[in-house]
Amino acid sequence: MFNKFFKNTFWLAFGEIAGRLLRIILVLYAARALGAANWGIFSYALSIATMFTVLADIGLGAVMTREIVKDPDNKHQYLSNSLIIKVILIILTSITIVFITPLFSNLSLSTGLLVFISLLVMADNLRIYTSSLNRALEK
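Just so it is clear, the structure is predicted and the values come from calculations on it, not from any experiment. (Residues numbered from 1 in each chain as written. Predicted model: local features only at pLDDT ≥ 70, side-chain atom pairs only at ≥ 80, totals over all residues. Heavy atoms only, no water.)

## Describing the side chain of D57
For the record, the criterion: A run of H or I in DSSP counts as a helix once it spans at least four residues, and a run of E counts as a strand once it spans at least two, with each numbered from the N terminus. Each residue is placed in one exposure class: buried if its accessible area under a 1.4 Å probe, protein chains only, is under 20% of its type's maximum, exposed if it is over 50%, and partly exposed if it falls in between.
Its location among the elements puts D57 in helix α1 (residues 2–57). Taking relative accessible area as the criterion, D57 reaches 15% and is therefore assigned buried.

Right, dumping it as structure tokens:
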């Protein structure tokens, strides 16, 4: 029992630390490569991505994990329902980022940057969702 506990704890911690290190490296590289003039736009884009990542998740992963652990017999129903909700939220978030965000910004963000932000939010939300699913299915 303790062996499985320590193994699961190690891999969860390793995944979190590796993900955070990759983000730190990306931000440091971007700051160096973009310089002072373009760093503000990149920072603004990251803040948009962070805000919409939180809005697109709305705690769905935590609810799914709790419900699957509570009632493992209905895990396929919880999985399918939460996946449909997640896909709808990601699509709505992507549409909002690409088409509505430019209306509220004084910065001239290119469409390519907005599409990149949208893809970043999609990937991050799918990572959160699969992580929650993995936690729910762990024994």
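## Regarding unusual backbone geometry
We note that I58 has phi near 45°; this positive angle belongs to a residue other than glycine. On the accessibility criterion, I58 (57% relative accessible area) is exposed.

## Points about the packing of helix α2 (residues 60–70) against helix α4 (residues 111–137)
Threshold: Think of each axis as a best-fit line through the C-alpha atoms, taken over the contacting stretch in the case of a helix, with angles from 0 to 180 degrees between the N-to-C directions. These descriptions rest on fixed angle ranges, namely under 35 degrees for roughly parallel, over 145 for roughly antiparallel, 65 to 115 for roughly perpendicular, and the rest for oblique. Crossing chirality is assigned from the near helix's rotation relative to the far helix, an anticlockwise turn below a right angle marking it left-handed and a clockwise turn marking it right-handed. It only takes one pair of heavy atoms within 4.5 Å for two residues to be counted as in contact. Under the grouping applied here, Gly and all other residues not named as nonpolar or charged are polar, the nonpolar ones being Ala, Val, Leu, Ile, Met, Phe, Trp, Tyr, Cys and Pro and the charged ones Asp, Glu, Lys and Arg.
Here α2 crosses α4 at 20°, and the two axes come no closer than 9 Å. Classified by the interaxial angle, the pair formed by α2 and α4 is roughly parallel. Crossing angle aside, the handedness with which α2 passes α4 is right-handed. Residue-level inspection shows G61, A62, M64, T65, I68 and V69 of α2 in contact with α4, the latter providing Y129, S132, L133, R135, A136 and L137. Split by residue class, the contact of α2 with α4 holds eight nonpolar, three polar and one charged.

## Comments concerning the confidence of the model for the protein
Basically, it comes down to this: pLDDT gives the predictor's per-residue confidence on a scale running from 0 to 100.
Per-residue confidence for the protein gives a mean pLDDT of 84; residues scoring 70 or more make up 98%. The element-level mean pLDDT for the protein is lowest in α1, coming to 81, with helix α3 (residues 75–100) highest at 90.

## Things to note about the packing of α2 against α3
Interaxial distance between α2 and α3 falls to 10 Å at its minimum, and their mutual angle equals 175°. Judged by the inter-axis angle, α2 sits roughly antiparallel to α3. Contact with α2, carried on its side by L60, M64, E67 and I68, involves K75, Y78, L79, S82, I85 and K86 of α3 and no other residues of that element. Here the contact of α2 with α3 is composed, by residue class, of six nonpolar, one polar and three charged.

## Thoughts on the nonpolar core
Stated formally: Think of a nonpolar core as a cluster: buried Ala, Val, Leu, Ile, Met, Phe, Trp, Tyr and Cys residues, connected wherever their side-chain atoms sit within 4.5 Å.
Formed by A45, I48, A49, F52, I97, L109, L114, I117 and V121, the largest nonpolar core amounts to nine residues. Within the residue set of this core, elements represented by two or more residues are α1 and α4. Among the elements that make up this core, the one with the highest residue count is α1 (four residues). Excluding residues within four positions of it along the chain, I117 makes contact with A45, I48, A49 and I97. Grouped together as the second largest cluster of nonpolar side chains are five residues, M64, Y129, L133 and A136 included.

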